[in-house]
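Coordinate analysis (summary)
One-letter residues, chain by chain:
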Amino acid sequence: MTASVPAPASVPVSVPARLSARRITLAYGERTVSTGLSLDVPDGAFTAVVGANACGKSTLLRAFVRLLRPTAGTVSFDDRDVTRWRPKAIARQVGFLPQTLTAPENTRARQLVARGRYPHQSVLATWSPEDERAVDEAMAAAGVGDLADRELESLSGGQRQRVWIAMVLAQETPYLLLDEPTTFLDLAHQYQLLALLARLRDGGRTIIAVLHDLNQACRYADHLVAMREGRVVAEGAPADIIDAALVREVFDLPCVVVPDPVTGAPMVVPTP
């Protein structure tokens with residue numbers, strides 16, 4: 001992965017969102033996380049979901065990918081409830097990188113990345129040159145081509161994270177949902193990953209990622225969703241919604257907001 005400063009992007013002209021939530025209530029047992037939450041994911045955009053810990057960001061992504069069924073409301077893809085899609089069919093449309101990842105023991109990096117091709121397999125379709133190409137390109141994009149034969153247990157946390165990212169890229173879905181994808185990555189690899197996601201967006205993919213670094217979100221995403229206590233507080237282009245009042249409301253953080261000296265995007269500077 002190579003880092004670069006992305007060119008300013010804009011959310012496409014408004015069209016019906018393929019992935020959306022309509023007045024959903026999300027809960028884990030007796031604990032309700034969100035009530036009446038609605039959100040459209042802009043097609044062809046890089047959406048960053050930001051907010052304090054335990055505000056419902058990851059829960060929202062889990063609902064989008066059918067890992068958590070709303071107790072009320074509907075999550076839909078192409079105007080069809082996601083729970084009515086067959087698993088492989090939706091997995092060819094929406095790729096997901098969760099926070100918690102566990103691989104079988106004695107798994108080599110390339111073997112794990114190859115698992116991303118599972119939605120494209122069937123009883124009649126065996127491993128193909130197309131699968132081989134997808135794995136090669138995904139590993140190159142994630143910067144882990146040289147780790148192909150290494151067992152995951154021998155890799156650092158950051159290296160393992162990049163292998164997992166390669167697995168999701170190998171899935172070759174038009175939608176990529178990533179929950180805190182910069183976890184375990186050093187600063188250089190964080191920016192390289194975000195630049196890669198911006199390039200994928202520029203190539204027509206729809207990206208939605210939970211990010212903790214608000215300045216990184218403002219620099220690379222063209223659409224922000226700010227959450228607090230299970231609700232969407234604000235959404236829109238970073239330049240349109242990020243100010244000191246919103247940062248205080250969402251993060252309880254006093255700050256000033258100044259232009260990023262490289263991109264001109266909003267940059268949050270905490271104050272004492």
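Scroll up for the structure.
Quick summary incoming for the structure in this document. Owing to the predicted nature of the structure, the values given are computational and were not obtained by experimental measurement. (Residues numbered from 1 in each chain as written. Predicted model: local features only at pLDDT ≥ 70, side-chain atom pairs only at ≥ 80, totals over all residues. Heavy atoms only, no water.)

Focus on the pairing of strand β1 (residues 19-28)
Most of β1 sits out of view: seven of its ten residues are buried. Sheet topology note: the β1/strand β2 (residues 31-41) ladder contains seven bridges and is antiparallel. If you follow L26 over to β2, its bridge partner there is S34. Linking β1 back to β2 in an antiparallel pair, the connection comprises two residues, with G29 at a positive phi of about 65°. Bridging between β1 and strand β4 (residues 72-77) involves five bridges; their strand directions are antiparallel. Its bridge partner being in β4, S20 is matched across the sheet by S76. (Buried < 20%, exposed > 50% of the residue type's maximum accessible area, 1.4 Å probe, protein only. Helix = DSSP H or I, 4+ residues; strand = E, 2+ residues; numbered from the N terminus. Pairing = 2+ DSSP bridges.)

With respect to the pattern of salt bridges
Scanning all chains against the criterion turns up 13 salt bridges. The salt bridge involving D78 is made with R18; its shortest N-O contact spans 2.7 Å. Here D78 is found in the loop between β4 and β5 (80-81), whereas its partner R18 is found in the segment before β1, with 60 residues between them in sequence. The exposure class assigned to R18 is partly exposed, which follows from its relative accessible area of 27%. Note that R117 is salt-bridged to E172, the shortest N-O span being 3.3 Å. Residue R117 is located in the loop between α3 (109-114) and α4 (129-142), and its partner E172 is located in the loop between α5 (157-170) and β7 (175-179); the two are separated by 55 residues in the primary sequence. For R117, a relative accessible area of 3% puts it in the buried group. Salt bridges here are not isolated pairs; linked through shared partners, they connect R117, E130, D131, R133, E137 and E172. (Salt bridge = Lys/Arg side-chain N within 4 Å of Asp/Glu carboxyl O.)

A short note on the layout of surface pockets
There is about 600 Å³ of room inside the largest pocket. In this structure, the largest pocket is lined by 26 residues; those nearest its centre are A91, V94, F96, M167 and Q171. Looking at the lining of the largest pocket, the elements that each hand over two or more residues are α2 (87-91), β6 (94-97) and α5. The residue makeup of the lining of the largest pocket, split by class, is 19 nonpolar, four polar and three charged. (1 Å grid on protein atoms, 1.4 Å probe; cavity = no way out; pocket = protein on both sides within 12 Å on 5 of 7 lines; lining within 4 Å. Points joined across faces, edges and corners; volume = space filled by probe spheres on them. Nonpolar A, V, L, I, M, F, W, Y, C, P; charged D, E, K, R; others polar.)

The analysis is restricted to geometry; functional conclusions fall outside its scope.
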